[in-house]
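An overview of the molecular structure
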Amino acid sequence: MASALTLVQPSGELSKKIRVELNENLNTKAQDLAAIKEWLKKQPHLPDEWEDGCLVSFLRGSNFSLEKCKSKLDMYFTMRTACPEFFSNRDINRPELIDLYSRAEGLTLPGLTPQGRRVSIIRALDKTLDTQHLNDGMKIAFMVGDIRIREEIEGVAGDVFVLDASILTPSHLAKVTPSLIKKFLICIQEAYPVKVKEVHVINISPVVDVAYNIVKPFVKEKIRKRVFFHNDASKLLDYIPKEILPTDFGGEGESMESLHNAWKLKLEEYTSWFKGQEQLKANESLRPGKPTNYDELFGIDGSFRQLDID
């Protein structure tokens, strides 16, 4: 019988190396966590408290800079309010999510690279995906992201993303709005404790250039420099160990189907947790000063608005 996926945690020398990379000091970690918990209690527009493990993930994602951590947490809870299409009704057994789950695969591999990085792979299985499918796909991506916020117990040295463009068509691009892309990328780049180290786009075609030109204006410059394009999957073995890469891409790891099913079980285990999380979000009517202007935040002109953090 299939079992829910378990994320392998770094240990030994690798764990020590990652702690140095993340600026994580075991002697001051508890003090840093206490400072963030105290700050959270004082913010009238944010939840009074959150799980310690989640807060530690945000500290790691901010290299233990308290000010960066506050900014990310504020944006994270702000986005939960601003983007109900991503952060409400997060039950993997809802009909629309079941439907999408059979049309696309988006998952994080359980193993790590030698550098201690986590690898995620996204690919569509159905050429007929529409705008609602894309919305739901982003919702599931953040569901997986939230599980990782809870379950990355030791912290990892960043993320590697593999995007399989083998069935990308011009009709898909017609269903993507710049505002949807910007919302998604604000979440990834500003609100989640993610360190994007590499993005590999495989099985490219001319339509990939068009797609990237739509996305590129919303991608931070340092991440643009970490995007690589490959004609096929064979180059992945230059970056990702054969032992963890799924068999679908020439590796020796579990198949995408097997991992997809294991993540489904993991998402089902989190159904009640996701339900409880829906109440933990920013209340703009209580924000000190001016409430967040969503039109300004998600506007296509101009750069991302930075939230003011006390």
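Residues numbered from 1 in each chain as written. Predicted model: local features only at pLDDT ≥ 70, side-chain atom pairs only at ≥ 80, totals over all residues. Heavy atoms only, no water.

A short note on the overall build of the protein
In terms of regular secondary structure, the protein is built from 14 helices and five strands. Taken against the 2.2 N^0.38 rule, which gives 19 Å for 310 residues, the C-alpha radius of gyration of the protein at 19 Å falls within 12% of a compact globule. Looking at the protein as a whole, 51% of its 310 residues qualify as buried. Long-range pairs, those at least 24 residues apart, make up 79% of the contacts in the protein with a sequence separation of at least 6. Of the accessible surface of the protein, which amounts to about 14,400 Å², a share of 53% is contributed by carbon and sulfur atoms. With 42 positive and 45 negative side-chain charges, the protein shows a separation of 4 Å between the mean positions of the two kinds. (Helix = DSSP H or I, 4+ residues; strand = E, 2+ residues; numbered from the N terminus. Rg over C-alpha atoms; globule rule 2.2 N^0.38 Å. Buried < 20%, exposed > 50% of the residue type's maximum accessible area, 1.4 Å probe, protein only. Contact = heavy atoms within 4.5 Å. Areas by Shrake-Rupley, 256 points an atom, 1.4 Å probe, with all protein chains shown as cover. Lys, Arg positive; Asp, Glu negative; His and termini not counted. Charge placed at Lys NZ, Arg CZ, Asp CG, Glu CD.)

A few points about the packing of aromatic side chains
Inspection of every chain in the model, using the stated rule, returns 17 aromatic pairs. An angle of 70° between the planes, with centres 5.2 Å apart, marks the rings of W50 and F77 as edge-to-face. With W50 in the loop between α2 (29-42) and α3 (52-61) and F77 in helix α4 (residues 66-82), this residue pair connects regions lying 27 residues apart in the sequence. Taken individually, W50 and F77 each receive the classification buried, so the pair is uniform in this respect. Pairing F228 with Y239 gives two aromatic rings, centres 5.6 Å apart and planes at 35°, and the pair type is tilted. Of this pair, F228 sits in strand β5 (residues 227-229) while Y239 sits in the loop between β5 and α12 (256-269), placing them eleven residues apart in sequence. Residue class for Y239 comes out partly exposed when judged on its relative accessible area of 30%. A connected cluster of aromatic rings, assembled from ring pairs, spans W50, F58, Y76, F77, F86, F87, F142, F184 and Y192. (Phe/Tyr/Trp six-rings, centres within 6.5 Å; stacked < 30°, edge-to-face > 60°.)

Quick notes on the side chain of T78
Structurally, T78 is set in helix α4. Judged by its relative accessible area of 0%, T78 is buried. Within the structure, T78 has its side chain in polar contact with the backbone oxygen of D74 (distance 2.7 Å). (Polar contact = N/O pair within 3.5 Å; in protein donor to acceptor, adjacent residues only side chain to side chain.)

Concerning the sheet that holds strand β3 (residues 159-164)
A sheet is described by the order of its strands in space; here five strands give the open sequence β1-β2-β3-β4-β5, paired in mixed fashion. In the strand order of this sheet, the two ends are held by β1 (104-112) and β5, each with one partner. Neighbouring strand axes in the sheet, compared pairwise and without regard to direction, differ in orientation by 15° on average. Pairing of strand β2 (residues 118-124) with β3, which is carried by six bridges, proceeds in the parallel orientation. Bridging across to β3, V119 finds its partner in V160. (Pairing = 2+ DSSP bridges. Axes fitted to C-alpha atoms, helices over the stretch in contact; angles between N-to-C directions.)

Comments concerning the pairing of β3
In terms of burial, β3 is largely enclosed, as five of its six residues are buried. Where the polypeptide runs from β2 across helix α7 (residues 131-151) and back to β3, its parallel neighbour, the crossover connection is right-handed. As judged from the six bridges shared by β3 and strand β4 (residues 196-202), these two strands associate in the parallel manner. Counterpart to D164 in the pairing with β4 is I202. (Right-handed = clockwise from strand over helix to strand, strands pointing away.)

Here's the deal with the nonpolar core
Judged by nonpolar contacts, the single largest core of 47 residues is most densely connected at W50, L73 and M79. Not counting the four nearest positions on each side in its chain, L73 is found in contact with I36, W39, W50, L55 and F58. Counting residues in hydrophobic clusters, the runner-up holds 33 residues, among them L7, M143, M256 and W263. (Core = buried A, V, L, I, M, F, W, Y, C linked by side-chain atoms within 4.5 Å.)

Overview of the side chain of S15
Residue position: S15 is located in helix α1 (residues 12-21). Once residues lying within four places of it in the same chain are set aside, the contact partners of S15 are P10 and E154.

Re unusual backbone geometry
In terms of backbone geometry, most residues other than glycine have negative phi values and most peptide bonds are trans. For N63, which is not a glycine, the phi torsion comes out positive at approximately 55°. Inspection of the secondary structure assignment puts N63 in the loop between α3 and α4. The class of N63 is partly exposed, set by a relative accessible area of 31%. Positive phi is not limited to glycine here, since N203 has a value of about 55°. Under the relative-accessibility criterion, N203 is labelled partly exposed at 24%.

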